[in-house]
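# What the coordinates show
The chain contents come next:
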2 protein chains.
Amino acid sequence: MTDKIMLAHGGGGTLMQELINKDIVPAVADGSLFELTDSALLDLPGGRVAFTTDSFVVRPLVFPGGDIGRLAVCGTVNDLAAAGALPVALALGLIIEEGLDMEVLRTMLTSIGSAAREAGVKVVTGDTKVVEKGAANELFINTSGVGVLTGTIEYSVSRIAPGDSVIINGFIGDHGIAVMSARNELNFVSPVESDAAPLGDMVQTILREFGDKVKCMKDPTRGGLAGCLNEMAQNVGFFVDQDSIPLRPAVKGACQMLGLDELTVANEGKMVFIVDSSAEKEVLALLQRHPFGKDAAIIGHIDKRAGLVRMQTALGGERIINPPYGEELPRIC
Amino acid sequence: MTDKIMLAHGGGGTLMQELINKDIVPAVADGSLFELTDSALLDLPGGRVAFTTDSFVVRPLVFPGGDIGRLAVCGTVNDLAAAGALPVALALGLIIEEGLDMEVLRTMLTSIGSAAREAGVKVVTGDTKVVEKGAANELFINTSGVGVLTGTIEYSVSRIAPGDSVIINGFIGDHGIAVMSARNELNFVSPVESDAAPLGDMVQTILREFGDKVKCMKDPTRGGLAGCLNEMAQNVGFFVDQDSIPLRPAVKGACQMLGLDELTVANEGKMVFIVDSSAEKEVLALLQRHPFGKDAAIIGHIDKRAGLVRMQTALGGERIINPPYGEELPRIC
């Protein structure tokens, strides 16, 4: 067995079968075999099914607090969680650059398997492509996910109403800063670790208790909190309080140094909950008892100024939070 | 609007929303909107669900008879069809290289929409990433698919028994040769067009009539017919007759010129059916009445020599068809 990925590993032949059977399946599928057929068959309980996809192109592959493998699981699991679905199955699409160290690939696969177990989701099917050296950057991963809706409520922005409370489960900006600190071309060292985490369990814990009080959920990934709130501000407005938004001093410092707005920096383990204000304290308390929610905070409320996200600044002023135009930090997920 | 894809198009901000709302959704989703949330909700009828994923990295993006967009739909639809599932929904993951002409992207999106309509499947959710120039080759597409099992039979290699017949729905090798003929570095011109086609309807037509007589199906994509038959030859052997395998003279000629074995060249509109021999003639006749099966042929039968794929050659000899080791033609899908 060579220690580098070769084009032939993606060729649909013996070498690809070996890679799948010896490296991919044992690492990501907990030893159980993929179906030989190219589709996995799922026995789902009755009801509605959530379906999502996400590609991951983060650079570098490994960064403080995570790697592309953990990210690929968490990102898709969290998209399902945001829809109110219990994540059930993942499909794993690998696009590998010829010449990638086999050990690097194995480490990423192990990370995928570990994150999937943590998330309580099974990798049930996959696809492997290899492209020539220079035709991709080391490794791109696509994960698609299927989840089942556990209740009858369809969480959506149309449920949001003035007076609702806005809650986030912890510190913002950790992921983006952790990835940037791992880039060789940027000369800064940061103690910040990525927040990449699978939030399915945390979300289900909230929904089991307060499912009818939750209006909508969204994970503030690319575009950060600013992008997330602006996407949700369709028929209503948001008013948030800068002082109440959990922000680590190290992230604040790194953002100042890099000239970034922390509100636009990506998160991979955060969820924004819009909840009926009558339940805000109970939802907050329950979130804070969960490992991924211990720094949760109520950060604002909904008002009637449709399309507008406003922020009370720490200095007492008011600022409009515009949606980011493009990306301040490319390839952070 | 710029006419080139910029990094900012993948940034989760206003520019990405514009790309999604103005270009992606109208082209691929038939004008209906993706859910704003990152997951689509599917109302599936009761029963088992098939789930699959496939990434497409074909080079060049456009080739005789198809393009990466059509391929991305057909490949995933055909994986679902091979499982006996009716394709229902696709998720579309785009990884775009910075600098790609917007017109090229639009053309590929239009092709995706057109192929999805032809396949009777809906693109319900998606993800867009942009990587720096040089970090990917123009465009990679991942499609994941969900389908519903229409019957109670689970088609699998374990159902195959000695005496069963092996049927294919038409000419082999067209796709691989069509792609190779479009590569600038190869100096040959070929009249061959890719066979890329969505086979869901053809397969369902067969299963409705002969579902219990069909043992297993598999699409001979990467690795070609040789790879496909070898993957199915687990507990049984295959014996095929070279003269009966549909092969266009132009494909045969191109393979000879390029030093390729046509049995290992990829197809994207072919399905191998293993059927009870008592129904072989009826299945063949029904296939031949379908537009994608008019050149269908019975190409061999199953025997007891487990793990072995043998071929009666045109010259009267016998040859063992080994699984390809790697890929003879990289990036043909």
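Being a predicted model, the structure only gives us computed values, none of them experimental. (Residues numbered from 1 in each chain as written. Chains lettered and ligands numbered in written order. Predicted model: local features only at pLDDT ≥ 70, side-chain atom pairs only at ≥ 80, totals over all residues. Heavy atoms only, no water.)

### What about the interface of chain B and chain A?
The accessible area lost on association of the parts is a frequent measure of interface size. Let me state the cut-off plainly: Contacts were defined at the residue level, with two residues in contact if any of their heavy atoms lie within 4.5 Å. Buried area is a sum: the accessible area each of two parts loses on coming together, probed at 1.4 Å, counted once for each and added. The term salt bridge refers to a side-chain nitrogen of Lys or Arg lying within 4 Å of a carboxyl oxygen of Asp or Glu. Each helix is a run of H or I in the DSSP string that is no shorter than four residues. Each strand is a run of E no shorter than two, and both are numbered from the N terminus. We call Asp, Glu, Lys and Arg charged. Ala, Val, Leu, Ile, Met, Phe, Trp, Tyr, Cys and Pro are nonpolar, and the rest, Gly among them, are polar. Between any two strands, at least two bridges found by DSSP are needed for them to pair.
Listed as interface residues are 75 residues of chain B and, on the opposing side, 75 residues of chain A. Carbon and sulfur atoms supply 55% of the area that chain B and chain A bury against each other, a total of about 6100 Å² over both sides. Joining chain B to chain A, the criterion identifies 10 salt bridges. For B:Lys129, the salt bridge identified is with A:Asp54, shortest N-O distance 2.9 Å. Only α1 (14-28), β1 (40-43), β2 (49-56), α2 (68-82), β5 (85-97), β6 (122-131) and β7 (139-149) of chain B provide two or more residues apiece to the side of chain B that touches chain A. Top element by residues in the side of chain B that touches chain A is β6(B). It accounts for eight residues. Among the residues making up the side of chain B that touches chain A, the classes are represented as 35 nonpolar, 23 polar and 17 charged. The sheet contact formed by strand β1 (residues 40-42) of chain A and β2(B) spans three bridges and is antiparallel.

### Let's talk about the packing of helix α5 (residues 200-210) of chain B against helix α8 (residues 280-288) of chain B
Residue and element names in this part refer to chain B. Spelled out, the test is: A fitted line through C-alpha atoms serves as each axis, taken over the contacting stretch for helices, and the angle formed by two N-to-C directions is quoted from 0 to 180°. Less than a right angle of anticlockwise turn of the near helix away from the far helix marks a crossing as left-handed, whereas a clockwise turn marks it as right-handed.
Two elements in contact, α5 and α8, have axes whose closest approach is 10 Å; the angle formed by their N-to-C orientations is 145 degrees. The interaxial crossing formed by α5 with α8 has right-handed handedness. Here Met202, Thr205, Ile206, Glu209 and Phe210 of α5 lie close against α8, whose contacting residues are Glu282, Val283, Leu286 and Leu287. By residue class, the composition of the contact of α5 with α8 is six nonpolar, one polar and two charged.

### A look at the state of the cysteines
Residues and elements named next belong to chain A. The test is simple: Two cysteine sulfur atoms make up a disulfide if the distance between them is within 2.5 Å.
Applying the stated criterion to the full structure yields zero disulfides over all chains. No disulfide involves Cys228; its sulfur sits 8.4 Å from the nearest other cysteine sulfur, which is in Cys216. We note that Cys333 lacks a disulfide partner, and the nearest cysteine sulfur, in Cys74, lies 12 Å from it.

### A short note on the relation of the copies chain B and chain A
Test applied: When the copies are superposed, the least-squares fit draws on C-alpha atoms of residues that have pLDDT of at least 70 in both.
The operation relating chain B to chain A is a screw motion whose rotation component is 180 degrees, with 0.0 Å of axial translation and a residual RMSD of 0.0 Å. On the angle and the small slide along the axis, the relation comes out as a two-fold axis. Every residue of chain B has its C-alpha some distance from the rotation axis, and the shortest such distance is that of B:Ala136, at 2.1 Å. Most of the interface of chain B is mirrored in chain A, where 100% of its interface residues again form contacts.

### Brief notes about the sheet that holds strand β11 (residues 272-275) of chain A
All names here are of chain A. Strand order in this open sheet of seven strands is β9-β11-β8-β12-β10-β13-β14, and the pairing throughout is mixed. Each end of this open sheet is capped by a strand with a single partner; those strands are β9 (214-218) and β14 (318-320). Strand-to-strand twist in this sheet, taken as the mean axis angle between neighbours without regard to direction, amounts to 25 degrees. Two elements, strand β10 (residues 237-241) and strand β13 (residues 309-312), share four bridges in a ladder whose sense is parallel. Bridge pairing in β13 links Val240 to Met311. Along the sheet, helix α5 (residues 200-210) makes contact with β9 and β11, crossing β9 at roughly 170 degrees. In the packing of helix α8 (residues 280-288) onto the sheet, the strands contacted are β8 (165-168), β11 and β12 (297-303), and the crossing angle to β8 comes to about 5 degrees.

### As for the pairing of β13(A)
Relative to β14(A), β13(A) is paired through three bridges, and the arrangement is antiparallel. What sits directly across from A:Arg310, in β14(A), is A:Ile320.

### Observations regarding the pairing of strand β2 (residues 48-56) of chain A
For the record, the criterion: Here the term buried applies to any residue with accessible area under 20% of the maximum for its type, exposed to any over 50%, and partly exposed to those in between, with areas from a 1.4 Å probe on protein chains only.
In terms of residue burial, β2(A) counts as a mostly covered element, since eight of its nine residues are buried. Judged from the four bridges that link them, β2(A) and β1(B) form a sheet pairing that is antiparallel. Its bridge partner being in β1(B), A:Val49 is matched across the sheet by B:Leu42. Where β2(A) meets strand β7 (residues 139-149) of chain A, eight bridges bridge the pair, whose relative direction is antiparallel. Opposite A:Ala50, over in β7(A), you have A:Gly147 as the bridge partner.

### Observations concerning the domain arrangement of chain A
All names here are of chain A. Going by this rule: In this entry, domain limits derive from an automatic or database-based domain assignment.
Taken as a whole, chain A is organised into domain 1 (37-148) and domain 2 (157-320). Computed from C-alpha coordinates alone, the two centres of domain 1 and domain 2 are separated by 24 Å. In this assembly, 22 residues from domain 1 lie in contact with 25 residues from domain 2. Summed over both sides, the interface between domain 1 and domain 2 buries roughly 1800 Å², with carbon and sulfur atoms accounting for 59% of that surface.

### Some details on the side chain of B:Glu97
Positionally, B:Glu97 belongs in strand β5. Apart from residues lying up to four places away in sequence, B:Glu97 is in contact with B:Ile5, B:Val131, B:Glu132, B:Lys133, B:Gly134, B:Ala136, B:Asn137 and B:Glu138.

### What to know about the environment of A:Ala279
All names here are of chain A. Structurally, Ala279 can be placed in the loop between β11 and α8. The spatial distance from the C-alpha of Ala279 to the C-alpha of Thr53 is 32 Å, given a sequence separation of 226 residues. Excluding anything up to four places from it in sequence, Ala279 contacts Phe210 and Lys213.

### Description of the packing of aromatic side chains
We count it as follows: For Phe, Tyr and Trp, where Trp contributes only its six-membered ring, two rings pair if their centres lie within 6.5 Å, and the inter-plane angle classes them as stacked under 30 degrees, edge-to-face over 60, or tilted in between.
Taken as a whole and assessed by the stated rule, the structure comprises two aromatic pairs over all chains. When the centroid spacing of 6.2 Å and the interplanar angle of 80 degrees are considered together, the rings of A:Phe51 and B:Phe51 count as edge-to-face. In this pair, A:Phe51 is assigned in strand β2 and B:Phe51 in strand β2, connecting two distinct chains. Measuring from ring centre to ring centre gives 6.3 Å for A:Phe140 and B:Phe140, while their planes differ by 55 degrees; the resulting arrangement is tilted. Here B:Phe140 lies in strand β7 and A:Phe140 lies in strand β7, a pairing that spans two chains.

### Topic: the pattern of salt bridges
In total, this model carries 40 salt bridges over all chains according to the counting rule given. The shortest N-O distance in the salt bridge between B:Lys129 and B:Asp127 comes to 3.0 Å. Accessibility expressed as a relative area gives 8% for B:Asp127, which makes it buried. Counted as one network, the salt bridges with shared partners bring together A:Asp54, A:Arg222, B:Asp127 and B:Lys129.

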